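# Notes for the structure review
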Amino acid sequence: MTGWIIFGGIVLFLIWLFTRHVTVTGIYDAHPELRVRILFITLVKVPPDPAAVKRREEKERRKAERQAEKARKAELKKNRGVNTKLLEQDDDEKTDSEPEKQEKKKKDKGKSGLDFGLIIELVKSAGAPLKRLFRKIKFRDVYIDCVAGSDDAAVTALKYGGYCAAIYSLTELIDTYFDAQIREVNVEADFSAPKDDIFAHVTIKLRISTAIGCALWLGVRALKVYLKYSEPKTKNKANKRKRPAGARMKG
């Protein structure tokens, strides 16, 4: 009974974990920042914390020292038996030269060009899983405040037009293909400002179970397409092998 309780607890925990979200938070201003979190665990942070940077540098320093020590020991062992190793290498080259040539020939024979028909079918099969995945990605707290400015009024006007085209096209794309909540988008031109002033904030969420499910769905569809596409080729090869035997029986 205790075992079933433990098993049930593990299953419930996994179900609860897979229904959580991976959260990506991006901020663009004078100090851009990017964070990737699951629950309270930060997987990625750009720029990293100074303490984490110091720990990573210390870890890399110790790793370099261990590698240098291993290289020094290997060099000592190598210097002790130079003659025997040279003889062994000569024997290995003589015995392995011919098999290596045969392997290269097999690889060269096995090389073939890209099968564009298969690639096109795989791309088509990925449409439904990717569409579902995009629909399940959530854009939340989207804020964009962009002020175009420069010392030249003509340059400011050009910047303003470019920012409007890029930002409004991007937000329209996000709103069309994703589950988006765009809070505020503001693009202005300030002819008295010496430079641009841009602030952007976005939070992207995706459920772990959704990502795993779409990945499995995509893999199954790709496997079906590959098997379906390779089946005629295997039949043709089998028919080619049978024809000479039939010809001999008739003779």
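Conventions and cut-offs
- Residues numbered from 1 in each chain as written.
- Predicted model: local features only at pLDDT ≥ 70, side-chain atom pairs only at ≥ 80, totals over all residues.
- Heavy atoms only, no water.
- Patch = residues over 30% accessible without salt bridge, like charges linked within 9 Å, V, L, I, M, F, W, Y side chains within 5 Å.
- Areas by Shrake-Rupley, 256 points an atom, 1.4 Å probe, with all protein chains shown as cover.
- Salt bridge = Lys/Arg side-chain N within 4 Å of Asp/Glu carboxyl O.
- Lys, Arg positive; Asp, Glu negative; His and termini not counted.
- Charge placed at Lys NZ, Arg CZ, Asp CG, Glu CD.
- Helix = DSSP H or I, 4+ residues; strand = E, 2+ residues; numbered from the N terminus.
- Buried < 20%, exposed > 50% of the residue type's maximum accessible area, 1.4 Å probe, protein only.
- Contact = heavy atoms within 4.5 Å.
- pLDDT = per-residue confidence, 0-100.
- Phe/Tyr/Trp six-rings, centres within 6.5 Å; stacked < 30°, edge-to-face > 60°.
- Core = buried A, V, L, I, M, F, W, Y, C linked by side-chain atoms within 4.5 Å.

## Regarding a positive patch on the surface
A surface patch of positive charge is lined by Lys 59, Lys 63, Arg 66 and Lys 70. Within the element layout of this structure, Lys 59 appears in helix H2 (residues 50-80). Taking relative accessible area as the criterion, Lys 59 reaches 63% and is therefore assigned exposed.

## Brief notes about the pattern of salt bridges
Under the criterion given, the structure shown has four salt bridges. Of the charged contacts, one joins Glu 33 and Arg 35 as a salt bridge, the two residues approaching to 2.3 Å between their closest N and O atoms. A residue is classified by how much of its surface remains accessible, and Glu 33, at 25% relative accessible area, is partly exposed. A salt bridge links Arg 183 to Asp 141; the nearest nitrogen and oxygen atoms lie 3.5 Å apart. Pair noted here: Arg 183 is in strand E5 (residues 179-189) and Asp 141 is in strand E4 (residues 138-148), with a separation of 42 residues, a long-range link. Relative accessible area serves as the criterion here: at 48%, Arg 183 is assigned to the partly exposed category. A residue is classified by how much of its surface remains accessible, and Asp 141, at 29% relative accessible area, is partly exposed.

## A word on the environment of Ile 144
Looking at the element boundaries, Ile 144 is found in strand E4. Classification of Ile 144 by relative accessible area gives buried; the value is 14%. Placed 41 residues apart in sequence, Ile 144 and Val 185 show a C-alpha to C-alpha distance of 4.7 Å. In this structure Ile 144 touches Ile 167, Thr 171, Glu 184, Val 185, Asn 186, Phe 199 and Ala 200, once residues within four positions along its chain are discounted.

## Structural notes on the confidence of the model for the protein
Taken over all residues, the pLDDT of the protein has a mean of 79, while the share at 70 or more is 77%. Confidence scores differ between elements of the protein, with helix H3 (residues 82-110) showing the lowest mean pLDDT of 52 and E4 the highest of 93.

## Some words on a negative patch on the surface
Taken together, the side chains of Asp 145, Glu 184, Glu 188 and Asp 197 define an acidic patch exposed on the protein surface. Tracing the chain through its elements places Asp 145 in strand E4. For Asp 145, a relative accessible area of 34% gives the class partly exposed.

## Things to note about the side chain of Thr 23
Mapped onto the secondary structure, Thr 23 falls in strand E1 (residues 21-28). Among all residues touching Thr 23, those that are not within four sequence positions of it are Arg 35, Val 36, Arg 37, Thr 203, Ile 204 and Lys 205.

## Here's the deal with the packing of aromatic side chains
Considering all chains together, one arrives at two aromatic pairs under this definition. Taken together, a centroid distance of 5.5 Å and an interplanar angle of 55 degrees make the contact between Phe 134 and Phe 178 tilted. Of the two residues, Phe 134 sits in helix H5 (residues 127-136) while Phe 178 sits in the loop between helix H6 (153-177) and E5, which places them 44 residues apart along the sequence. Overall, Phe 134 belongs to the partly exposed group, its relative accessible area being 35%. Here a set of aromatic residues connected by ring pairs shows up, and it is made of Phe 134, Phe 139 and Phe 178.

## As for the nonpolar core
In this structure, Leu 133, Ile 137, Phe 139, Val 142, Ile 174, Phe 178, Ala 180, Leu 206 and Cys 214 together form the largest nonpolar core, which totals nine residues. Aside from chain neighbours lying at most four places away, what touches Ala 180 is Phe 139, Arg 140, Ile 174 and Asp 175. Listed in part, the five residues of the second largest apolar core include Ile 144, Cys 164, Ile 167 and Val 187.

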